[in-house]
Amino acid sequence: MASYIARKGPSVFSKLGRWAYNMSRFNQYGLHRDDCLYENEDVKEAIRRLPRKIYDERNYRIMRALHLSMTKTILPKEQWTKYEEDVKYLEPYLNEVVKEREEREDWNKNH
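Predicted model only: the values in this text are computed from it and were never measured.

Between its terminal C-alpha atoms helix H3 (residues 52–70) stretches 27 Å, which fits the 27 Å expected from 19 residues at 1.5 Å a residue. Turning to H3, its buried residues are Arg-58, Arg-61, Ala-65 and Leu-68. Projected onto a plane normal to the axis of H3, the buried residues spread over an arc of 95° and lie on a single side. Across from the buried face of H3, at angles greater than 90 degrees, the exposed residues are Arg-52, Lys-53, Tyr-60, Met-63 and Met-70. Packing partners of the buried residues in H3 comprise helix H2 (41–48).

On to a nonpolar patch on the surface. A surface patch of nonpolar side chains, about 350 Å² in accessible area, is lined by Leu-16, Trp-19 and Met-23. Looking at the element boundaries, Trp-19 is found in helix H1 (residues 11–24). Under the relative-accessibility criterion, Trp-19 is labelled exposed at 54%.

All right, on to the side chain of Arg-61 then. Among the structural elements, Arg-61 can be located in helix H3. Discounting residues that sit within four places of it in the chain, Arg-61 has contacts with Gly-30, Leu-31, His-32, Asp-35 and Tyr-89.

As a further point, take H2. Looking only at H2, the buried set comprises Asp-42, Val-43, Ala-46 and Ile-47. For H2, the angular spread of the buried residues around the axis is 135°, confining them to a single face. In H2, the exposed positions angled more than 90 degrees off the buried face are occupied by Glu-41 and Arg-48. Contacts made by the buried residues of H2 are with H3 and helix H4 (91–110). Measuring from the side-chain oxygen of the N-cap residue of H2 to the backbone nitrogen of Asp-42 gives 3.1 Å; that N-cap residue is Asn-40.

Tallying each qualifying case throughout the model produces two aromatic pairs. Consider the rings of Tyr-21 and Phe-26, whose centres lie 5.1 Å apart with planes at 80°: the pair is edge-to-face. Their ring planes at 70° and their centres at 5.3 Å tell us that Tyr-21 and Tyr-83 sit as a pair that is edge-to-face. One end of the pair, Tyr-21, is in helix H1; the other, Tyr-83, is in the loop between H3 and H4, with 62 residues separating them in the sequence. Among the aromatic residues, ring-to-ring pairing joins Tyr-21, Phe-26 and Tyr-83 into one connected group.

Thresholds, definitions, all that
Residues numbered from 1 in each chain as written. Predicted model: local features only at pLDDT ≥ 70, side-chain atom pairs only at ≥ 80, totals over all residues. Heavy atoms only, no water. Helix = DSSP H or I, 4+ residues; strand = E, 2+ residues; numbered from the N terminus. Expected span 1.5 Å × (residues − 1). Buried < 20%, exposed > 50% of the residue type's maximum accessible area, 1.4 Å probe, protein only. Arc of directions from axis to C-beta. Contact = heavy atoms within 4.5 Å. Patch = residues over 30% accessible without salt bridge, like charges linked within 9 Å, V, L, I, M, F, W, Y side chains within 5 Å. Areas by Shrake-Rupley, 256 points an atom, 1.4 Å probe, with all protein chains shown as cover. Salt bridge = Lys/Arg side-chain N within 4 Å of Asp/Glu carboxyl O. Polar contact = N/O pair within 3.5 Å; in protein donor to acceptor, adjacent residues only side chain to side chain. Phe/Tyr/Trp six-rings, centres within 6.5 Å; stacked < 30°, edge-to-face > 60°.

This is the structure:
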């Protein structure tokens with residue numbers, strides 16, 4: 001049985017995940033995975049709930065990535081977001097929003 005790595009799953013998936021992460025190339029612009037999520041209503045609400053500091057850091061990364069993309073450059077390799085250091089900062093807020101929405105839908109369905 002493959003060894004288990006917290007938050008990333010079995011080690012075989014971590015190797016595959018690392019490969020996919022690097023192939024996506026968003027890390028070359030200094031972006032995190034959560035910076036690249038499709039912004040549906042749940043994601044927008046989760047972003048709205050972010051603490052100001054995290055919200056500002058997110059906006060800085062996105063603006064820097066847009067600038068790099070327009071100038072057709074990437075960050076120096078030492079500034080790329082590393083797979084091991086990329087945290088899902090939006091996940092707790094998104095889980096909370098989804099849970100609240102599901103509770104609301106369930107409430108509306110039963111009342």
